[in-house]
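# Structural overview for review
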Amino acid sequence: MEEVRKIDAPDKEDALKPCNYFDLICGTSTGGLLALMLGRLRMDVHDCKEVYKSLSSQVFKKPKLRFPGKMALDAIRGKAWFSGERLESNIQKIVKQHISKSEEEQLKEQGIKIEDAPLATTNNNNSRCFVCALVEGGHGCDRLRSYAVSAGAGGPFCTIWQAARATSAAPLYFPPITINCRKYFDGGMHSNNPILEVVKEAIRPDEGHRFDAIVSIDCGLSKLVNPSGGLVHVAKGLVSHVTDTEVRHKEFQRDYPHLKEVYSRFQETTKLGSIGLADYDKLQDIEDLAEDFIKAGIEEIRQCARRIQRWVANRPKF
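Quick notes on the rules
- Residues numbered from 1 in each chain as written.
- Predicted model: local features only at pLDDT ≥ 70, side-chain atom pairs only at ≥ 80, totals over all residues.
- Heavy atoms only, no water.
- Phe/Tyr/Trp six-rings, centres within 6.5 Å; stacked < 30°, edge-to-face > 60°.
- Helix = DSSP H or I, 4+ residues; strand = E, 2+ residues; numbered from the N terminus.
- Buried < 20%, exposed > 50% of the residue type's maximum accessible area, 1.4 Å probe, protein only.
- Axes fitted to C-alpha atoms, helices over the stretch in contact; angles between N-to-C directions.
- Parallel < 35°, antiparallel > 145°, perpendicular 65-115°, else oblique.
- Left-handed = near helix turned anticlockwise from the far one by under 90°.
- Contact = heavy atoms within 4.5 Å.
- Nonpolar A, V, L, I, M, F, W, Y, C, P; charged D, E, K, R; others polar.
- Salt bridge = Lys/Arg side-chain N within 4 Å of Asp/Glu carboxyl O.
- Core = buried A, V, L, I, M, F, W, Y, C linked by side-chain atoms within 4.5 Å.

### Remarks on the packing of aromatic side chains
- Following the criterion strictly, the structure yields 7 aromatic pairs and no others.
- Seen in terms of ring centroids, Phe 82 and Phe 174 are 6.0 Å apart; in terms of plane orientation they differ by 45 degrees. Their pairing is tilted. Linking Phe 82 in the loop between α4 (70–77) and α5 (84–98) with Phe 174 in the loop between α7 (160–167) and β4 (177–179), this pair joins segments that are 92 residues apart in sequence.
- According to the relative accessible area criterion, Phe 82 is buried, its value standing at 7%.
- Each member of the aromatic cluster is reached from another via a ring pair, and the members are Phe 60, Phe 82, Tyr 173 and Phe 174.

Take a look at the structure:
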């Protein structure tokens, strides 16, 4: 977005918001949380980063006193390593702090608590967003949307915080959440790279339009773990295979070759993929890796920025 600003608003120092440039923002797991912050809550990238850093430091805190082997024992007992309630309460705080003033007033008039703001909104100033969550007993992801769709398109009514909990309910890490009698798990177990989900969503008959820019920001190339050894190692090995982001990327290239010219994928391939979901103490390492990645790939990033900027002035209403 900084490169877009240099093109689109070089005289302004204020950060640009992705929600003002992208028709549709989606994500899974951590990416789902970021999609809700950037799309539904209309944050700029800087605020989103700071809010996530604070959130992760709160929800991934480990007890100071923990006996050896507790994580393995919890896995055997089916007990999540981290508190779903703590994640819920922290997301609710974020919603209260970052919901727009106009929506806050509307919620008060309707007698709805600010923290229980619905995911779906009729506010056309919001970029549309959805997050992916896996339904127990289902064969694919539900798309929890911030906008209305035609009947039968799937996805329940829910609040912002429920959508955030559903998409981030990673097995072993957080317990699942039940919304309207449907139990949800982290969508990363099916679409950790939701590129196919977002393209299929955008080309639905009632929503379809041409693509001018598709931007995929991945979580780093991870090393596949051999599922052998102790229970925790086996579980992590299985998870590493089903959450591999390269699979969906290759499927996208195979199925949508005509979108190659508008597709930008940013994937750090050295160390980022080895940093775990709960490693909040390594967030500075992530920032350092991101800075190095940006410097090395600045020309590709600028090319992507030009694509985004070129069409936004004549952007059709979604």
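### Description of the packing of α5 against α7
- Look at α5 against α7: their axes get within 9 Å of each other, and the N-to-C directions meet at 140 degrees. Between α5 and α7, the interaxial angle falls into the category oblique. Note on packing geometry: the crossing formed by α5 with α7 is right-handed. Along the contact surface, α5 presents Gly 84, Leu 87, Glu 88, Ile 91, Gln 92 and Val 95, while α7 presents Ile 160, Trp 161, Ala 164 and Arg 165.
- A per-class count over the contact of α5 with α7 returns 6 nonpolar, 2 polar and 2 charged.

### Topic: the pattern of salt bridges
- Applying the stated rule across the entire model yields 19 salt bridges.
- Among the salt bridges present, the one from Glu 299 reaches Arg 302, with a minimum N-O distance of 3.1 Å. A residue pair is termed a helical-turn pair when its members lie 3 or 4 positions apart in one helix, as Glu 299 and Arg 302 do in helix α13 (residues 298–312) at 3 residues.

### A short note on the nonpolar core
- The biggest cluster of nonpolar side chains holds 54 residues, and the ones touching the most others in it are Leu 55, Leu 144 and Tyr 184.
- Listed by contribution, the elements that provide at least two residues to this core are α2 (30–40), α3 (45–59), α5, β2 (128–135), α7, β4 and α13.
- Among the nonpolar cores identified, the runner-up in size contains 17 residues, and Tyr 147, Ala 202, Tyr 256 and Val 262 belong to it.

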